[in-house]
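Descriptive analysis of the structure
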Amino acid sequence: MTVKERDPVTGEIPAEPYAQSNANAGANPYESARLAASFGGREGIARIAARTVDLSQADPRIAAIFAAHDMVRLKRTLSEQFCYLLNAGCDYTGRDMKTAHPDMGVTRGDMNALVENLQAAMREANVPFAAQNRLLAKLAPMSRDVIER
Ligand code: HEM
């Protein structure tokens, strides 16, 4: 594998080229734009996504899975995915869920750990419980494209 240099402006490691599309986000967005306000809008969503990544990277249960990946990019694309699904005015530019999690060996237990970290990030941001569950409901069916064993 060739080592790719980080983009000097964004700090991201370039991904392989692929067609960028909201169709990769894994679900259709909610129609109401009201839900996004419960997450603090686009900025609140970006903070929650970044916090979820930070908690997961520091979580001994799943830290190893994140070790060799580009966390700058993940924070951006995860935030875009949440923002798109919550109809907060973003487009998703990442890969589809199957392509983004190839051979990572993610288990159901790993998935639960990640969801706990997302819940903690949403709780810290005072997102109402019902709104938390609406985001989780969008993400839950995607787990079948991520879990491998
Ligand atoms: C339904 C559950 C999940 C969703 C919706 C999700 C969402 C995403 C998204 C949007 C990306 C970015 C793709 C891109 O930038 O092209 C991504 C990448 C990634 N995810 Fe997940 N994820 C889920 C579960 C998990 C779990 C359980 C783990 C590990 C415990 C995990 C580890 C990773 C890693 C390491 C990357 C970076 C891949 C790379 O840069 O090559 N994900 N995920």
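Preceding this section is the structure that the text describes.
Only a predicted model underlies this, so the values are computations on that prediction, with no experimental measurement involved. Residue positions within a chain follow its written sequence, with the count starting from 1. It should be noted that, the model being predicted, local features are given only for residues of pLDDT at least 70 and side-chain atom pairs only at 80 or more, the latter also being counted only at that level, while totals for whole chains, interfaces and linings use all residues. The basis for every side-chain value is the complete set of non-hydrogen atoms in the structure, without hydrogens or water.

Focus on helix H2 (residues 41–57)
What counts is decided by this rule: Labels follow the DSSP assignment, with helices taken as runs of H or I lasting at least four residues and strands as runs of E lasting at least two, numbered in each case from the N terminus. Multiply 1.5 Å by the residue count of a helix minus one, and that product is the helix's expected span. Each residue is placed in one exposure class: buried if its accessible area under a 1.4 Å probe, protein chains only, is under 20% of its type's maximum, exposed if it is over 50%, and partly exposed if it falls in between.
With 17 residues, H2 ought to run about 24 Å at 1.5 Å a step, and its terminal C-alpha atoms sit 24 Å apart, in line with that. Those residues of H2 not exposed but buried are Gly41, Gly44, Ile45, Ile48, Ala49, Thr52, Val53 and Ser56.

Section: the coordination of the iron atom of the ligand
Formally: The donor definition counts N, O and S atoms within 2.8 Å of each metal and applies 3.2 Å to Na, K and Ca; water is not among these atoms, so some sites may look incomplete.
Protein coordination of the iron atom of the ligand rests on one atom only, His101 (NE2), at 2.0 Å. In this structure, His101 sits in the loop between helix H5 (97–100) and helix H6 (108–124).

Re the state of the cysteines
We count it as follows: We call a pair of cysteine sulfur atoms a disulfide when they lie within 2.5 Å.
According to the stated counting rule, one finds one disulfide in the structure shown. Between the sulfur of Cys83 and that of Cys90 lies a disulfide, 1.9 Å long from S to S. Residues Cys83 and Cys90 are joined by a disulfide whose S-S torsion is about 75°; by sign, that bridge is right-handed.

Observations concerning the site of the ligand
So the rule is basically this: We call a residue near a given molecule or strand whenever any one of its heavy atoms falls within 4 Å of it. Any pair of nitrogen or oxygen atoms within 3.5 Å is treated as a polar contact; in protein, a donor-acceptor pairing is required on top of that, and neighbouring residues in sequence qualify only through side-chain atoms on both sides. The classification used treats Ala, Val, Leu, Ile, Met, Phe, Trp, Tyr, Cys and Pro as nonpolar, Asp, Glu, Lys and Arg as charged, and all other residues, Gly among them, as polar.
Close contacts around the ligand come from 24 residues, with His69, Arg73, Thr77, Arg95 and His101 the closest. Here Thr77 contributes a side-chain N or O atom positioned 2.8 Å from an oxygen atom of the ligand. Interatomic distance of 2.8 Å between a side-chain N/O atom of His101 and a nitrogen atom of the ligand. Where the shell around the ligand is concerned, the elements lending two or more residues are helix H3 (63–66), helix H4 (71–85), H5 and H6. In terms of residue count, the dominant contributor to the shell around the ligand is H4 (five residues). Its residues assigned to classes, the shell around the ligand shows 15 nonpolar, six polar and three charged.

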